[in-house]
Amino acid sequence: MQAQVTFTPQSAGTDYTDRGIVDMNGDGLDDILSVDNSNIQVLYQQQDGSFIESTVATEFADNSPSWSLAAADYDRNGYTDLLYGGGSGVTFMRANDDGTAYTEVSGSEYVFSQRSNFVDINNDGHLDAYVCHDVEPSVFYINDGEGNLEYFQGGLGDYPSGGHYGSVWLDFDNDRDVDMFIAKCGGESERRDNEMHVNNGDGTFTEIGASLNLEDDMQTWSSAWADYDNDGDLDGWIGASTFSNGFP
């Protein structure tokens, strides 16, 4: 009989309401993160499971992570950078070379963020950023290899009035490049059609959701993917805020 897993509660107080769990300093231990427009608080995990708190004041972020928060070391300096997805735009907080300060970078573009991800979109070995747009085609930011991000809109979630809510990047076809599923939401039926963007291996994608029976007529907010039946292929669970849940 398999051993039963047990959990021990441990409290950790945070100062701000936008939170995450991620390794902020590259030591292999997950830390607890909380942020607002002017501060980044990190509870750094220690080897014994305890935490040491540190708060860094930042330049004021034009956009708070009121709708999404993503984290990754996209400039490869050993310290985790942050993406704040707000209701009207996107802000990047780029860590300096010792993790003691951050540079605020905000674009002028209007983006109503729902979900954001750091991912290598164009297969060049550098992390890019993707942001689901609620009311327009989605946007993404391509890394030039020096940690500079160039803004693009369209091509990965193109419905004119948006509905792009829950992006998950995964290798659903086991070909060793990253594909993307978007859980869609709200409005007319076509706006609610979920999408699967298969990676063509050359930096381009083809949307094939209908052929995989992933489209539906329900208002979807999110999804989760795993090989739940242990057959070597990823399966999907798709949540819904209206109608019945879907289980492709």
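For the structure, see preceding data.
Given the structure is predicted, the values throughout are model-derived calculations rather than measurements.

Engineer: Sorry if this is basic, but what is going on with the sheet that holds strand S10 (residues 128–133) here?
Structural biologist: Working definition: the strands of a sheet are paired by backbone hydrogen bonds and lie parallel or antiparallel to each other. In spatial order, the strands read S9-S10-S11-S12; together these four strands make up an open sheet with antiparallel pairing. Since the sheet does not close on itself, it has two edges, and those belong to strand S9 (113–119) and strand S12 (149–153), each with one partner. Strand after strand, the sheet turns through a mean of 15° between neighbouring axes, direction not considered. Examined bridge by bridge, S10 and strand S11 (residues 139–143) share three bridges and lie antiparallel to one another. Of the residues in S11, the one forming a bridge with alanine 129 is tyrosine 141.

Engineer: I'm lost on the pairing of strand S2 (residues 31–35) in this one. Help?
Structural biologist: On any regular strand, side chains alternate: one points to one face of the sheet, the next to the other face. Of all five residues in S2, five are buried; the element is thus mostly enclosed. Across five bridges, the pairing between strand S1 (residues 18–22) and S2 is antiparallel. Residue isoleucine 21 lies in a different strand from S2, and its bridge partner there is isoleucine 32.

Engineer: Mind showing me how you'd approach unusual backbone geometry here?
Structural biologist: One can expect most non-glycine residues to show negative phi and most peptide bonds to be in trans. Although it is not a glycine, arginine 76 sits at a positive phi angle of roughly 60°. Structurally, the position occupied by arginine 76 is in the loop between strand S5 (68–72) and strand S6 (81–85). Accessibility expressed as a relative area gives 59% for arginine 76, which makes it exposed. Non-glycine residue asparagine 213 carries a positive phi angle of around 65°. Relative to the elements of secondary structure, asparagine 213 occurs in the loop between strand S16 (205–207) and strand S17 (223–226). By relative accessible area, asparagine 213 is classed as exposed at 63%.

Engineer: Explain the pattern of salt bridges to me, please; I cannot follow it from the model alone.
Structural biologist: Inspection of every chain in the model, using the stated rule, returns three salt bridges. Between aspartate 75 and arginine 94 there is a salt bridge, with the nearest N and O atoms lying 2.9 Å from each other. With aspartate 75 in the loop between S5 and S6 and arginine 94 in strand S7 (residues 90–95), this residue pair connects regions lying 19 residues apart in the sequence. Here arginine 94 falls in the partly exposed class, since its relative accessible area comes to 24%. Two residues, aspartate 134 and arginine 191, come together in a salt bridge whose shortest N-O distance is 3.3 Å.

Conventions used here
Residues numbered from 1 in each chain as written. Predicted model: local features only at pLDDT ≥ 70, side-chain atom pairs only at ≥ 80, totals over all residues. Heavy atoms only, no water. Pairing = 2+ DSSP bridges. Helix = DSSP H or I, 4+ residues; strand = E, 2+ residues; numbered from the N terminus. Axes fitted to C-alpha atoms, helices over the stretch in contact; angles between N-to-C directions. Buried < 20%, exposed > 50% of the residue type's maximum accessible area, 1.4 Å probe, protein only. Salt bridge = Lys/Arg side-chain N within 4 Å of Asp/Glu carboxyl O.

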